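# Structural characterization, general
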Amino acid sequence: MLYHSTRGKSPQVSASEAIVSGIAGDGGLFIPEKIPSFAAGEIESLLGKDYREIAVAVSSKFLEDYTKEELLQYFTAGYGPDRFDTPEVAPTNILSDNLAVLELWHGPTCAFKDLPLQILPHLMLAGQSRMGDHSKIVIMVSTSGDTGSAALHGFSNVSGTEIICFYPHGKVSQIQERQMVTQGAPNTHVAAIEGNFDDAQSCVKRIFADNEINAKVHGAGCRLSAANSINWGRLVPQMVYFVDSYLKLVQAGKLKMGQTFNVVIPSGNFGHILAATYVKRMGLPIKRLICASNINHVLSDFIQTGLYDRRREFKTTISPSMDILISSNLERLLYDACGERPEVVSQWMADLRQKGYYQVDPATHSVIAKNIWGGFSTEEETRESIKKTFLKYHYLIDPHTAVGFSALKKYREQTGDNDLAVIASTASAYKFCPSVLDSITDLSKITYNSDLELIPVLEELSGTQAPRGLATLAAKKVVHQRVLNLPEMPEYLLEVLNLS
Ligand SMILES: *Cc1c(COP(=O)(O)O)cnc(C)c1O
C-alpha cells in the first residue's frame, strides 16, 4: 500500500518512507491510498487474543512493508513489563451499564501518547534501514505537555537518534515539566520556549521547511524527522486499543458482537480521534465519535458549524495537552470528507494560514457531522466531572478525561442517545494533582511547595496508588534548564548537532 500527500504535490511513498519523513515534501500529510477493511468475521476471530496480537492484526493492514514478525517484536518490546504496569496495556474499566473508561495511561509517562511513542522509534529505524539510509535521525518535537515526555522516553538511548523537545515555558504542568527535564539519556535535549504551543509548533514546522538548515543537517550526516501526531507511525498504534476495548466489552457481555457503541475522545491536535475514525471506516461498529474540547473549542465548533476559526484568544486551562488552536491532523479528515480533492484541502490550509479561518462546503461538513459530534467543557464543568466521577464511582480521572465526561453528558442530553459509551482516559489523574485535588477537596487547606508533594496527598485521599513513573519523579535529577526565545530555536538545533 502506498501513501500520498493530502496536498497532492508529492510523489507516492511506502509506509516506511512516510514514517521516516514525517511530513510530505509539499507540506501536506501522508495518507494511505485506501483504508483497508476488516474481513467478515475477522474482528470476532480476535476475541480473547492478547493485545499484541490484536496490534499486529490491525497495524499490518497499513504497514505492509514491515513483516508481521517484525511488528510483533516492536509491540512486544514497546509494551513490555519494564514500560507498562499491566500486561493488558490499555485496560477497559466498566463503570456502569452504559459507561466504560479506556485507560490509556499505564505506560512509562502515564499518558496515552506512550502507546504510539513506544512503537514509533522501532518503525522509524527499521524503515530507515529498509530505505538504505544510514543518516542519524534527529527528532524535533514541540509539545503541549505529554508528547514531550513520551517521545523523550521512547527515543532515549535509541542509537542512531537524537531527540530535541520544545515545550511552552510555564504552560505545562510542573509534573509534565519534571518528566521532561529529568530525562538523562545523552541523546535527549530539552528546552522551554517563551511562547505557547502553537508558536513552538509553527517554528518547528518552519525549521523543517528551511532549505539552508536542512542542507547543513544533511551535510553532517543527519536527517530531521517529526514525532508529532502528524506522523503516520503514531496513528497506527492508536487504532489498536479501540478494537481491543470493543472485544473486551463483548467478552464482558456488555455488547453483542456487531452491536454499535459510542466513543468519546478528549481532543487537541485531532490525532487521537482521527485514528478512531479510521477503525470505524475499517468496520469496527462505532456509532458516533464524540470529539471533546476544552474552552479552546475551535474543534468542536468546527464539527458543529463547518467553520474552522482560530481567530480567538488562546486560553491556558487545567487540561493543557488540549490547549491547541491549530489541529494539524484535521487535514487528513478533510481530505477524505471532501472526496479526496487535494487542491481544495490546500486552499483551506492556505486560508487558515493567511486569514486565520476556513469554511468547508456543506457536503463536506455533513459527512463529518454524520460521524462525529462535537462538544466542549468549561473549566467549571471539568472540575465538576472530576468530583462527580469520584463521588459516584470512587474513580479518579484527570482533567483531560473529565472534559470527555462533560462532553458525553452534553451529547446524551442533546441527542437522547444513551448507548454504551467508551471514554478514552488520556492521562493519569496523578499527572495533574493540583486540579484533581482542587476538584475533590479543598486545596487551599493543603500547604505544599511543589506539585510533586501532592502525589502522596492524592494517594491518601483517594486510597489509590500513584503510577510508579510518577512516584519516583521527586528523586530524579533535573538535567535540562534551557529557556529560549522563539528565534533561537534553529540555533539550538545546530548547537545540539555541533554545527553552530
Ligand atoms: C495529546 C493529548 C490529548 C489530545 O490528543 P490529540 O491527538 O492531540 O487530539 C488529550 N489528552 C491528553 C492527556 C493528551 O496528552
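To keep things clear, this report deals only with the structure shown in the data block. Quick caveat, the model's predicted, so the values are computed rather than measured.

Calculation criteria
Residues numbered from 1 in each chain as written. Predicted model: local features only at pLDDT ≥ 70, side-chain atom pairs only at ≥ 80, totals over all residues. Heavy atoms only, no water. Helix = DSSP H or I, 4+ residues; strand = E, 2+ residues; numbered from the N terminus. Rg over C-alpha atoms; globule rule 2.2 N^0.38 Å. Buried < 20%, exposed > 50% of the residue type's maximum accessible area, 1.4 Å probe, protein only. Contact = heavy atoms within 4.5 Å. Areas by Shrake-Rupley, 256 points an atom, 1.4 Å probe, with all protein chains shown as cover. Lys, Arg positive; Asp, Glu negative; His and termini not counted. Salt bridge = Lys/Arg side-chain N within 4 Å of Asp/Glu carboxyl O. Polar contact = N/O pair within 3.5 Å; in protein donor to acceptor, adjacent residues only side chain to side chain. Axes fitted to C-alpha atoms, helices over the stretch in contact; angles between N-to-C directions. Parallel < 35°, antiparallel > 145°, perpendicular 65-115°, else oblique. Left-handed = near helix turned anticlockwise from the far one by under 90°. Nonpolar A, V, L, I, M, F, W, Y, C, P; charged D, E, K, R; others polar. Near = heavy atom within 4 Å. Right-handed = clockwise from strand over helix to strand, strands pointing away. Pairing = 2+ DSSP bridges. Phe/Tyr/Trp six-rings, centres within 6.5 Å; stacked < 30°, edge-to-face > 60°. Lys NZ or Arg CZ within 6 Å of the ring centre and 35° of its normal.

Secondary structure summary: the protein chain contains 22 helices and 15 strands in total. The C-alpha radius of gyration of the protein chain comes to 21 Å, within 12% of the 23 Å expected for a compact globule of 500 residues. Dimensions along the principal axes, computed over C-alpha positions, put the protein chain at roughly 60 × 55 × 50 Å. By residue count, 63% of the 500 residues in the protein chain fall in the buried class. Residue pairs in contact within the protein chain that sit at least 24 positions apart in sequence constitute 74% of those at least 6 positions apart. When the accessible surface of the protein chain is totalled, it reaches about 18,400 Å², and 50% of it is carbon and sulfur.

Another point: the side chain of Glu379. Along the chain, Glu379 turns up in helix 17 (residues 379-393). Arg383 provides the closest opposite charge to the buried, unpaired Glu379, separated from it by 4.7 Å. A polar atom in the side chain of Glu379 sits 3.0 Å from the backbone nitrogen of Ile318. Once you skip the residues sitting within four places of it in the chain, Glu379 turns out to touch Ile295, Thr317 and Ile318.

Take the packing of helix 3 (residues 51-59) against helix 4 (residues 68-78) next. Helix-helix packing is characterised by the crossing angle of the two axes and by the distance between the axes. Look at helix 3 against helix 4: their axes get within 9 Å of each other, and the N-to-C directions meet at 135°. Comparing the axis directions of helix 3 and helix 4 gives the class oblique. Of the two elements, helix 3 crosses helix 4, and the hand of that crossing is right-handed. Contacts between helix 3 and helix 4 involve Arg52, Ala55, Val56 and Ser59 on the former and, on the latter, Lys68, Leu71, Leu72, Phe75 and Thr76. Partitioned by chemical class, the residues of the contact of helix 3 with helix 4 number 5 nonpolar, 2 polar and 2 charged.

This paragraph deals with the site of the ligand. Close contacts around the ligand come from 15 residues, with Lys113, Asp146, Gly268, Asn269 and Thr426 the closest. Separating an oxygen atom of the ligand from a side-chain N or O atom of Lys113 is a distance of 2.5 Å. Here an oxygen atom of the ligand and a backbone polar atom of Asn269 are 2.7 Å apart. When the free accessible area of the ligand is taken as 380 Å², the share hidden by the protein chains comes to 98%. When the residues that make up the shell around the ligand are grouped by side-chain class, the tally is 5 nonpolar, 8 polar and 2 charged.

This brings us to the pairing of strand 6 (residues 161-168). Two faces make up the sheet, and in a regular strand the side chains alternate between them. The element strand 6 is extensively covered by neighbouring structure, given that 8 of its 8 residues are classed as buried. Burial along strand 6 is two-sided: the residues Thr161, Ile163, Cys165 and Tyr167 and Glu162, Ile164, Phe166 and Pro168 are all buried. Handedness of the crossover joining strand 5 (residues 136-142) and strand 6 through helix 7 (residues 146-155) is recorded here as right-handed. Bridge analysis of strand 6 against strand 7 (residues 188-194) gives 6 bridges, and the strand direction is parallel. The partner of Ile163 across the bridge, within strand 7, is Thr188. A crossover links strand 6 with its parallel partner strand 7, the connecting element being helix 8 (residues 174-181), and its sense is right-handed.

The residue Arg383 is located in helix 17 in this model. On the basis of relative accessible area, Arg383 is assigned to the partly exposed category, the value being 23%. Put simply, Arg383 and Ser439 are 56 residues apart on the chain and 5.0 Å apart in space, counted from C-alpha to C-alpha. Arg383 has contacts with Ile318, Asp438 and Ser439, leaving out every residue within four places of it along the chain.

What follows covers the sheet that holds strand 3 (residues 92-96). Adjacent strands of a sheet form backbone hydrogen bonds with each other and so pair up, either parallel or antiparallel. Spatially, 3-4-14-9-10-13 is the arrangement adopted by the 6 strands of the open sheet, whose pairing is mixed. Pairing within the sheet leaves two strands with one partner each, and these edge strands are strand 3 and strand 13 (372-376). Going from strand to strand, the sheet's axes swing by 25° on average, the running direction of each strand aside. Two strands pair when backbone bridges link them, and strand 10 (residues 286-293) and strand 13 are joined in this way by 5 bridges, in the parallel orientation. Across the sheet, residue Ala292 finds its bridge partner in strand 13, namely Gly375. In the packing of helix 13 (residues 298-305) onto the sheet, the strands contacted are strand 10 and strand 13, and the crossing angle to strand 13 comes to about 135°.

Right, let's talk about the packing of aromatic side chains for a bit. All told, the structure shown has 15 aromatic pairs when counted by the stated rule. Ring geometry for Tyr308 versus Tyr358: centroids 5.3 Å apart, planes at 5°, classification stacked. You can see Tyr308 sitting in strand 11 (residues 307-309) and its partner Tyr358 sitting in strand 12 (residues 357-359), a full 50 residues away along the chain. The exposure classification of Tyr308 matches that of Tyr358, with both residues buried. Taken together, the ring pairs in this structure connect Tyr3, Phe62, Trp232 and Tyr278 into an aromatic cluster. One residue, Arg130, lies across the ring of Tyr66, its end atom 5.4 Å from the ring centre. A cation over a ring is seen here: Lys410 above Phe376, with NZ or CZ 4.9 Å from the ring centre.

Moving on to the sheet that holds strand 7. Reading across from one edge, 8-5-6-7-15 is the order of the 5 strands in this open sheet, with parallel pairing throughout. Here the strands that pair on one side only, and so sit at the sheet edges, are strand 8 (222-226) and strand 15 (482-485). On average, adjacent strands in this sheet sit at an angle of 30° to one another, irrespective of strand direction. Contacts from helix 9 (residues 197-209) reach strand 5, strand 6 and strand 8 within the one sheet, and its direction differs from that of strand 5 by about 150°.

A word on unusual backbone geometry. Despite not being glycine, Cys110 shows a phi value in the positive range, around 65°. Tracing the chain through its elements places Cys110 in the loop between strand 4 (99-103) and helix 5 (114-117).

Looking now at helix 13. Burial analysis of helix 13 places 6 of its 8 residues in the buried class, the great majority of the element. When helix 13 is considered as a whole, its buried residues turn out to be Val298, Leu299, Ser300, Asp301, Phe302 and Ile303. Looking at the packing, one finds that the buried side of helix 13 touches strand 10, strand 11, helix 14 (330-337), strand 12, helix 16 (362-371) and strand 13. After helix 13 finishes, the residue Gly306 shows a positive phi value of roughly 85°.

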